[in-house]
Amino acid sequence: MKRSAVFLAASLVLFGVLSLLIRMDVINAYYKQILMMICINVILALSTNLIIDYTGQLTLGHSAFLAIGAYSSAFIQMKTGMPFFLALLCGSVVAAIFGFLIGLPTLRLKGDYLAITTLGFCQIVVVAIQNIDAFGGAQGLAGIPPKTTFAWVFFSMIATIAILYNIVHANQGRAMISVREDEIAAEAMGIDTTKYKIMAFTAGAFFAGFAGGLYAFLMMFIDPNSFNFLRSIDFVIYVVLGGTGGFAGCIVSTSILTLLPEVLRFLSDLRMVIYPLLLIVIMILRVKNVRVAGLLHRKPSSDGPGEGSKDHAAA
């Protein structure tokens, strides 16, 4: 409870400072939109993190749920005049239903097979949207009302962090981690591994759909090409760069990688070369740091060289 109170207080202070800077025009409209995209991307990264890091399942189709949430919430609001929050919830539920239906048969697969299957699902969703006239087809869906505000995306991000943090630190989260560490051992202990993988997949799809709704009402125009598998690769990069199972690392990496293309915009077309090069360098340095940290934390053996080697071999 104390940690939650500190987190809530810090969030309110940060929101107050950023809101004041926005009102004083220290943060202009351009930087405000970047901040809002960072908040949306953090929601997407954490929802991907739940699947990849906590259950050990590689998904390359997470942008499909982003698209489902975006189109569903925007279409429902535009056709029915439903309140903004209810439209977001409806879009999120639709994305979660698709996550459950797709996860039920596919999460029995593992490794590369699962990655290829989710990639195929993403492409199916994109092609399907392109051929639905009610969604604007390949031209995209225009005329979406500008409902998303900085307060909406900020507190949605805070709520996502709080909910997912409580999930992964509850019994369900420990069961997911056991699936990640050793699925065979988890099944031997009586854990329904498929159940917890589907649970993570459905929850991740729900939050991705919610982020999709926020994105649609922020941009006021969405098209199928914005949700192809390359967008899913971005989410995977956010998670991998942030570190295994870490919320703070995932948030920091997402913020940096969302901001980096804008910082490099002055380089024009060269930024499309420099950006991936920087990603490569960062990943190489991160791997080296992880290895060094592992060596530093390794406990020296109290036995002699021969005995230590025998014990290690026996282990």
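Everything here concerns the structure above.
On a predicted model such as this, the values are computed, not experimentally measured, just so you know.

Peer 1: Can you help me understand the overall build of the chain in this one?
Peer 2: In terms of regular secondary structure, the chain is built from 13 helices and 2 strands. Considering only contacts in the chain between residues 6 or more positions apart, those separated by 24 or more positions represent 78%. Entry remark: accessible area of the chain is about 16,500 Å², with carbon and sulfur atoms responsible for 68%.

Peer 1: What am I meant to see in the side chain of T160 here?
Peer 2: Here T160 is to be found in helix α6 (residues 150-168). Under the relative-accessibility criterion, T160 is labelled buried at 2%. Sequence-distant contacts of T160, that is, excluding residues within four places in its chain, are made with I43 and F207.

Peer 1: Explanation requested: the environment of F98 in the structure shown.
Peer 2: Here F98 is to be found in helix α4 (residues 84-106). Separated by 34 residues in the primary sequence, F98 and A64 place their C-alpha atoms 9.5 Å from one another. Setting aside residues up to four positions removed in sequence, F98 forms contacts with F65, I68 and F121.

Peer 1: Looking at this model, I keep getting lost on helix α7 (residues 171-181). Mind explaining?
Peer 2: The periodicity of an α-helix, 3.6 residues per turn, causes residues three or four places apart in sequence to face the same way. Every buried residue of α7 is accounted for by G173, A175, M176 and V179. Considered in projection along α7, the buried side chains sweep an arc of 160° and stay on one side of the axis. In α7, the exposed positions angled more than 90 degrees off the buried face are occupied by N171 and E181. Looking at the packing, one finds that the buried side of α7 touches α2 (29-55), α6, α8 (183-188) and α9 (193-219).

Peer 1: Honestly, the nonpolar core in this entry has me stumped. Any pointers?
Peer 2: Within soluble globular proteins, side chains that are nonpolar generally end up buried alongside one another. Within the largest apolar cluster, 78 residues are counted, with the highest numbers of intra-cluster contacts made by I40 and I222. When residues no more than four places from it in sequence are discounted, the contact partners of I222 are A70, Y71, G140, L141, I144, Y215, A216 and F227.

Peer 1: Would you take a moment to explain the packing of α2 against helix α11 (residues 247-263) for this structure?
Peer 2: When two helices pack together, their arrangement is given by the angle between their axes and by how far apart the axes lie. The geometry of α2 relative to α11 is characterised by a closest axis approach of 8 Å and an angle of 135° between their N-to-C directions. Looking at the two axes, α2 sits oblique to α11. Here the hand of the crossing between α2 and α11 comes out right-handed. Contacts between α2 and α11 involve Y30, I34, M37, I38, N41, V42, A45, L46, N49 and Y54 from the former and F247, C250, I251, T254, S255, T258, L259 and E262 from the latter. Looking at the contact of α2 with α11, its residues break down into 12 nonpolar, 5 polar and 1 charged.

Peer 1: What am I meant to see in the pattern of salt bridges here?
Peer 2: Two side chains bearing opposite charge may form a pair once their charged atoms approach each other closely. Counted by the stated rule, this structure contains 2 salt bridges. Across the salt bridge formed by E183 and K197, the nearest N and O atoms sit 3.2 Å from each other. Separated by 14 residues along the polypeptide, E183 in helix α8 and K197 in helix α9 bring together distant segments of the chain. The burial state of E183 is the same as that of K197; both residues are buried.

Peer 1: What should I look at first to understand the environment of M82 in this one?
Peer 2: Within the secondary structure, M82 is located in the loop between α3 (62-80) and α4. Sequence-distant contacts of M82, that is, excluding residues within four places in its chain, are made with I76, Q77, A87 and C90.

Peer 1: For this particular structure, what's the right way to read a nonpolar patch on the surface?
Peer 2: On the surface, V93, I97, F100, L101 and L104 cluster together into a nonpolar patch covering about 420 Å² of accessible area. The topology assignment puts I97 in helix α4.

Peer 1: What am I meant to see in the packing of aromatic side chains here?
Peer 2: Between two aromatic rings, the relevant description is the distance of the centres plus the angle of the planes. Counted according to the given criterion, the structure contains 19 aromatic pairs. Arranged with centres 5.6 Å apart and planes meeting at 85°, the rings of F65 and F201 form a pair that is edge-to-face. Of the two residues, F65 sits in helix α3 while F201 sits in helix α9, which places them 136 residues apart along the sequence. Taking the relative accessible area as the measure of exposure, F65 reaches 1% and is therefore buried. For F201, a relative accessible area of 2% translates into the label buried. Counting every residue linked through ring pairs, the aromatic cluster contains Y71, F75, F135, Y215 and F227.

Analysis parameters
- Residues numbered from 1 in each chain as written.
- Predicted model: local features only at pLDDT ≥ 70, side-chain atom pairs only at ≥ 80, totals over all residues.
- Heavy atoms only, no water.
- Helix = DSSP H or I, 4+ residues; strand = E, 2+ residues; numbered from the N terminus.
- Contact = heavy atoms within 4.5 Å.
- Areas by Shrake-Rupley, 256 points an atom, 1.4 Å probe, with all protein chains shown as cover.
- Buried < 20%, exposed > 50% of the residue type's maximum accessible area, 1.4 Å probe, protein only.
- Arc of directions from axis to C-beta.
- Core = buried A, V, L, I, M, F, W, Y, C linked by side-chain atoms within 4.5 Å.
- Axes fitted to C-alpha atoms, helices over the stretch in contact; angles between N-to-C directions.
- Parallel < 35°, antiparallel > 145°, perpendicular 65-115°, else oblique.
- Left-handed = near helix turned anticlockwise from the far one by under 90°.
- Nonpolar A, V, L, I, M, F, W, Y, C, P; charged D, E, K, R; others polar.
- Salt bridge = Lys/Arg side-chain N within 4 Å of Asp/Glu carboxyl O.
- Patch = residues over 30% accessible without salt bridge, like charges linked within 9 Å, V, L, I, M, F, W, Y side chains within 5 Å.
- Phe/Tyr/Trp six-rings, centres within 6.5 Å; stacked < 30°, edge-to-face > 60°.

Geometric descriptors of this kind do not, in isolation, establish any biological role.
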